[in-house]
Amino acid sequence: MNHILPKVELCGMALASVDADKLLDHMFANLGRGKGLWIVTANLDFLRRFVKDPICRSMYAEADVRVADGMPLVWASRLKGTPLPERVAGSSLVRPLCRRAAEGGWRVYLLGGDPEASKIAADKLLAEFPQLQLAGLSSPWLSSPPTDAEVEQVAATLAEARPDLVLVALGSPKQEHVIHRLRGRLPGVCWMGVGISLSFIAGHLRRAPPWMQKLGLEWVHRLAQEPKRLFRRYVLEDLPFAAVLFGRAVKDRLGMGTRRPT
């Protein structure tokens, strides 16, 4: 069986060309072989940091699988002539991942998120999937990047919990810094950052309706809910970068692009 996923490159980032079902197939096949992995669900903001920040570029490159969690990345892949099959959103993966984990007897740990939201989300997931083995949940305060002492404490907690999958809800890039530091301590674990997903499941925040998600407008919905926190990121940083991304995709299709991210 071929365990290598097909890839599409955008601005130097290699993205797995898979849909959500195939990604989950790959994830649980790895767990079945006793092999852990790190999955990054990369949106436009991830790709911007990958291009602009050498530390993030090196860190994201170490992930085993990166998928496109953002319609701008899907649109850019089409402009480039190497279309990705669909957007694979981390928030949309949590429930089907927990369903498969429940069916297969895999233990899931929820790390991070607002403590109340994390507890409510855990209760809702257990009600929806009664066979789900929840290895634990915790919402420690962590620096970005985490200190050695913080890493040691979380690593000890996870080692005792013995999870197979850890969903890290700390927001980006903090959650990637944490996973990067922890994955070597628990090499058989599957890691995935899920951002604000636990608050969506808990009902503390409303996710954009499906029609907005399909049109690539989920960011507008998020911005309306948290304007002070997200305005700079979404409007001042990500929108201008989207123009750069689309321009580079067209140049690549015409054979005028460069391979190295700048």
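Just so it is clear, the structure is predicted and the values come from calculations on it, not from any experiment. (Residues numbered from 1 in each chain as written. Predicted model: local features only at pLDDT ≥ 70, side-chain atom pairs only at ≥ 80, totals over all residues. Heavy atoms only, no water.)

K.L.:
Got a minute to help me understand the overall build of the chain in this structure?
P.N.:
For the chain, the count of helices and strands is 12 helices and eight strands. For the chain, the C-alpha radius of gyration of 18 Å lies close to 18 Å, the compact-globule estimate for 262 residues. On the principal axes, the C-alpha backbone points of the chain span a range of 50 × 45 × 35 Å. A buried classification covers 48% of the 262 residues belonging to the chain. For the chain, the proportion of contacts with a sequence separation of at least 24, taken over those separated by at least 6, is 74%. Here the chain displays about 12,400 Å² of accessible surface, and carbon together with sulfur accounts for 56% of that area. Averaged over its 36 positive side-chain charges, the chain has a centre that lies 5 Å from the centre of its 26 negative ones. (Helix = DSSP H or I, 4+ residues; strand = E, 2+ residues; numbered from the N terminus. Rg over C-alpha atoms; globule rule 2.2 N^0.38 Å. Buried < 20%, exposed > 50% of the residue type's maximum accessible area, 1.4 Å probe, protein only. Contact = heavy atoms within 4.5 Å. Areas by Shrake-Rupley, 256 points an atom, 1.4 Å probe, with all protein chains shown as cover. Lys, Arg positive; Asp, Glu negative; His and termini not counted. Charge placed at Lys NZ, Arg CZ, Asp CG, Glu CD.)

K.L.:
Would you mind showing me how to read the packing of helix α11 (residues 218-225) against helix α12 (residues 227-253) here?
P.N.:
Pairs of packed helices are described in terms of their axes, by the angle between the two and the distance that separates them. Orientation of α11 relative to α12, taken along the N-to-C sense of each, is 145°, at an axis distance of 7 Å. Relative to α12, the crossing made by α11 is left-handed. Where α11 abuts α12, its residues Trp-219, Arg-222, Leu-223, Ala-224 and Gln-225 lie against Pro-227, Arg-229, Leu-230, Phe-231, Tyr-234, Val-235 and Leu-239. (Axes fitted to C-alpha atoms, helices over the stretch in contact; angles between N-to-C directions. Left-handed = near helix turned anticlockwise from the far one by under 90°.)

K.L.:
Help me out: how do you make sense of helix α5 (residues 90-104) in this one?
P.N.:
Residues that lie three or four places apart on an α-helix share one face, since the helix turns once every 3.6 residues. Here α5 spans 20 Å end to end across 15 residues, near enough to the 21 Å set by a 1.5 Å rise per residue. Positive phi appears at Gly-105, one or two residues downstream of α5, with a value of about 75°. (Expected span 1.5 Å × (residues − 1).)

K.L.:
It is not clear to me how the pattern of salt bridges should be interpreted in this structure. Could you clarify?
P.N.:
Charged atoms that come close allow side chains of opposite charge to pair. The tally for this structure, following the rule as stated, stands at 18 salt bridges. We note a salt bridge from Asp-69 to Arg-87, for which the minimum N-O separation is 3.0 Å. Of this pair, Asp-69 sits in the loop between β4 (65-68) and α4 (71-80) while Arg-87 sits in the loop between α4 and α5, and the two are 18 residues apart along the sequence. Here Glu-237 ties to Arg-232 by a salt bridge, and the two come within 3.4 Å at their closest N and O atoms. For Glu-237, a relative accessible area of 24% corresponds to the partly exposed category. Among the charged side chains, a network of salt bridges with common partners joins Asp-45, Arg-48, Arg-49, Arg-232, Arg-233, Glu-237 and Asp-238. (Salt bridge = Lys/Arg side-chain N within 4 Å of Asp/Glu carboxyl O.)

K.L.:
Where do I start with the nonpolar core in this structure?
P.N.:
Across soluble globular proteins, nonpolar side chains show a tendency to be buried alongside one another. Counting residues in each nonpolar core, the largest one holds 45 residues, and the members touching the most others are Leu-47, Leu-182, Trp-191 and Leu-245. In contact with Leu-245, not counting residues within four places along its chain, are Leu-10, Cys-11, Leu-44, Leu-47, Pro-72, Leu-73 and Ala-76. Ranked by size, the runner-up nonpolar core spans 34 residues in total, among them Ala-16, Leu-37, Cys-98 and Cys-190. (Core = buried A, V, L, I, M, F, W, Y, C linked by side-chain atoms within 4.5 Å.)

K.L.:
Is there a simple way to explain a nonpolar patch on the surface in this structure?
P.N.:
A surface patch of nonpolar side chains, about 250 Å² in accessible area, is lined by Leu-79, Val-250 and Leu-254. Topologically, Leu-254 is positioned in the segment after α12. (Patch = residues over 30% accessible without salt bridge, like charges linked within 9 Å, V, L, I, M, F, W, Y side chains within 5 Å.)

K.L.:
How do you make sense of the side chain of Asp-238 when you look at a structure like this?
P.N.:
Checked against the element boundaries, Asp-238 lands in helix α12. A residue is classified by how much of its surface remains accessible, and Asp-238, at 6% relative accessible area, is buried. A polar side-chain atom of Asp-238 sits 2.9 Å from a polar atom in the side chain of Arg-48. Asp-238 has contacts with Leu-44, Asp-45, Arg-48 and Arg-233, leaving out every residue within four places of it along the chain. (Polar contact = N/O pair within 3.5 Å; in protein donor to acceptor, adjacent residues only side chain to side chain.)

K.L.:
Is there a simple way to think about the sheet that holds strand β7 (residues 165-169) in this case?
P.N.:
Strand-to-strand pairing in sheets goes through backbone hydrogen bonds, with the strands running parallel or antiparallel. Ordered by their spatial adjacency, six strands build an open sheet running β4-β3-β8-β7-β5-β6, and the pairing between neighbours is parallel. Each end of this open sheet is capped by a strand with a single partner; those strands are β4 and β6 (133-138). The mean angle between the axes of side-by-side strands here comes to 20°, regardless of whether they run parallel or antiparallel. Both strand β5 (residues 107-112) and β6 contribute to a ladder of five bridges, which runs parallel. Along β6, the bridge assignment pairs Leu-111 with Ser-138. Against the sheet, α5 engages β3 (37-42), β5, β7 and β8 (190-193), with an angle of about 155° to β7. (Pairing = 2+ DSSP bridges.)

K.L.:
Can you walk me through the environment of Leu-111 in this structure?
P.N.:
Note that Leu-111 resides in strand β5. Its relative accessible area of 0% is what places Leu-111 among the buried residues. Sequence separation between Leu-111 and Ser-138 is 27 residues, and the spatial gap between their C-alpha atoms is 5.3 Å. Once you skip the residues sitting within four places of it in the chain, Leu-111 turns out to touch Ser-138, Pro-140, Val-154, Val-166, Leu-167, Val-168, Ala-169, Val-178 and Leu-182.

K.L.:
Can you walk me through the pairing of β7 in this structure?
P.N.:
A regular strand places its side chains so that they alternate between the two faces of the sheet. Burial runs high along β7: five of the five residues are buried. Residues Leu-165, Leu-167 and Ala-169 line one face of β7 and the alternating positions Val-166 and Val-168 line the opposite face, and both faces are buried. With five bridges joining them, β5 and β7 adopt parallel strand pairing. Bridge pairing links Leu-111 to Val-168 in β7. The parallel pair β7 and β8, bridged by helix α8 (residues 174-182), forms a crossover whose chirality is right-handed. (Right-handed = clockwise from strand over helix to strand, strands pointing away.)

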